[in-house]
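Here is what each chain is made of, one letter per residue.
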Amino acid sequence: MQPSFFSQPILNSPYELPCQHWELDADGQPTNRIIESRRRSDLITPVPQPKKKRSSRKEQADFLLSDADGLSSIGQEYNPTPIINELRTYVDQWRALPNPEQWLVTPETARLLQHWRHHKFEGIRPFFCQVEAVETAIWLTEVAPKMGQRTAKFWEHIKGANAQANPELLRMALKLATGAGKTTVMAMLMAWQTVNAVRHPSSKTFSRGFLVVAPGITIRDRLRVLLPNDPDSYYRTREILPPDMLPDMDRAKIVITNYHAFKLRERVSLAQGTREALAGWREEEISTVETEGQMLQRVMPELMGMKNVLVLNDEAHHCYREKAADPEGETVDDLKGDDKSEAKDASEAARMWISGLEAVKRKLGVSLVYDLSATPFFLRGSGYIEGTLFPWTMSDFSLMDAIECGIVKLPRVPIADNVPGGDTPKFRNLWEHIGKKLPKKGRGAGKALDPLSLPSDLLTALEALYGHYKKTFELWEAEGIGVPPVFIVV
């Protein structure tokens, strides 16, 4: 029997250049035909087909899901995937050069590339997608400037994209599917920069000062493996660096924080009456809020003596500068109810994050910002079309790529939709049909909630998923597999 995407999704090794992919039709649906080449960077992944086509532009856009949570809108204003695919071709050709002297990189970089590609790792070996993301950054930084006008367009593209969206910062986004190991990529980037900065101290290309910014405390604490002196440091435990280069990493200055730390704090707490009394005899208003310089001294004292810090944004889709709405984009004021509240919170967080980085640029200098995210898309209410890919994205390893390489868990969507009513499967946008039937946040405090009293649509969707799991469980049990399959509902 001919294999299908859903029965046999894995086609490639996670450690080699992908050489096959499942074909998708014009609607993003798998045709179950295997193409003997790598998948090109694109914005569409398969979702359950609607029972009936609709002509509305908005409704059509709802059918196109991005690699993860966001929506990819039809007719996007900006689609950087053509230049991502062109850059990928250059990097592939460069990677295939057999002689390190042809690579146009420093001896230290050549040593690291050979290590990551060919070292016999005792533990976890870097995935191809991780090495490729770092290779892309290396090629753009060390190789492209030496190749003349034919490759100058890549930096022109990056600078032009940033001039429109982040005029005070220079950002480069590396897109990797969730589960593909962004933390390892961050460690590799920092190792490459640090070793070169230490061994070429007069070079302005490299830095040994790093600011790593995360969206929350949990993620921030997880990133401690990027610190050279951490017991679980990736440079040692994951063998990111050869042993003789580990001492160089000890000279790196690394600060890991969450963007909330950029909020200017009160230096002195004054009661309202005291503030008014003091203000009565002063011409200017009393300011008790710390300055940008004081904030930076608090957040990153280790970096205060450094120049041209290199920034790494984890989950970088939370960091952007709002703009006046596109004809089809939306600002916070265009939304209503819960949508407006959520968009307002996201916009305030994004503003605080990017304003903090701009302050670092003004006071210390920022050479480059590496954005790492599975979904480097503009969020709803940003003023951009929802789901528009950050135009400074230069590397893309999508969810479909990760599935076809066996790197991530296979997500499943309930497809046994026997819920009556509606033209499209309710399971695709289940929340729209059950949200109002579920308890609201903060409502009914102290009252016991009945887990069996769930909307019928939700119960049917769960049963569709659990039914498949039950069959798998029984098959594994019959074959005597000692570990049962795991079923996680998100």
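Refer to the structure printed above.
Notes on the structure in this doc start here. Given the structure is predicted, the values throughout are model-derived calculations rather than measurements. (Residues numbered from 1 in each chain as written. Predicted model: local features only at pLDDT ≥ 70, side-chain atom pairs only at ≥ 80, totals over all residues. Heavy atoms only, no water.)

## Examining the overall build of the protein
From N to C terminus, the protein includes 15 helices and 8 strands. Across the 490 residues of the protein, 48% fall into the buried class. Considering only contacts in the protein between residues 6 or more positions apart, those separated by 24 or more positions represent 70%. Element-wise, carbon and sulfur atoms account for 53% of the exposed surface of the protein, whose accessible area totals about 25,600 Å². (Helix = DSSP H or I, 4+ residues; strand = E, 2+ residues; numbered from the N terminus. Buried < 20%, exposed > 50% of the residue type's maximum accessible area, 1.4 Å probe, protein only. Contact = heavy atoms within 4.5 Å. Areas by Shrake-Rupley, 256 points an atom, 1.4 Å probe, with all protein chains shown as cover.)

## Side note on the layout of surface pockets
Computed from the structure, the second largest pocket encloses a volume of approximately 610 Å³. Lining the second largest pocket are 27 residues; nearest its centre among them are Ser203, Lys204, Thr205, Phe206 and Ser207. A breakdown of the residues in the lining of the second largest pocket according to their chemical character gives 12 nonpolar, 10 polar and 5 charged. (1 Å grid on protein atoms, 1.4 Å probe; cavity = no way out; pocket = protein on both sides within 12 Å on 5 of 7 lines; lining within 4 Å. Points joined across faces, edges and corners; volume = space filled by probe spheres on them. Nonpolar A, V, L, I, M, F, W, Y, C, P; charged D, E, K, R; others polar.)

## A short note on helix α11 (residues 292–299)
Every buried residue of α11 is listed here: Met295, Leu296 and Val299. Taken down its axis, α11 places every buried residue within 95° of arc, on the same side. Residues of α11 that are buried make contact with β5 (253–258) and α12 (337–363). (Arc of directions from axis to C-beta.)

## Brief notes about the pairing of strand β7 (residues 366–373)
Every regular strand shows the same layout, with side chains that alternate between the two sheet faces. Of all 8 residues that make up β7, 7 are buried, and the element is covered over most of its length. As paired elements, strand β3 (residues 171–176) and β7 share 5 bridges and run parallel to each other. Across the sheet, the residue bridging to alanine 173 is aspartate 371, located in β7. The pairing of strand β6 (residues 309–314) with β7 spans 6 bridges and is parallel. By the bridge assignment, leucine 312 is partnered in β7 with tyrosine 370. (Pairing = 2+ DSSP bridges.)

## What to know about the packing of aromatic side chains
For the structure on display, the rule yields 15 aromatic pairs. Taken together, Tyr320, Phe378, Tyr384, Phe390 and Trp392 form an aromatic cluster joined through their ring pairs. In this arrangement the basic side chain of arginine 238 is found over the ring face of tyrosine 234, its NZ or CZ atom lying 4.1 Å from the centre. Above the face of the tyrosine 384 ring, lysine 323 is positioned so that its terminal group lies 4.8 Å from the ring centre. (Phe/Tyr/Trp six-rings, centres within 6.5 Å; stacked < 30°, edge-to-face > 60°. Lys NZ or Arg CZ within 6 Å of the ring centre and 35° of its normal.)

## Some words on a negative patch on the surface
A contiguous patch of negative charge, built from Asp338, Glu342, Asp345 and Glu348, is present on the exposed surface. Secondary-structure assignment places aspartate 338 in helix α12. (Patch = residues over 30% accessible without salt bridge, like charges linked within 9 Å, V, L, I, M, F, W, Y side chains within 5 Å. Salt bridge = Lys/Arg side-chain N within 4 Å of Asp/Glu carboxyl O. Lys, Arg positive; Asp, Glu negative; His and termini not counted. Charge placed at Lys NZ, Arg CZ, Asp CG, Glu CD.)

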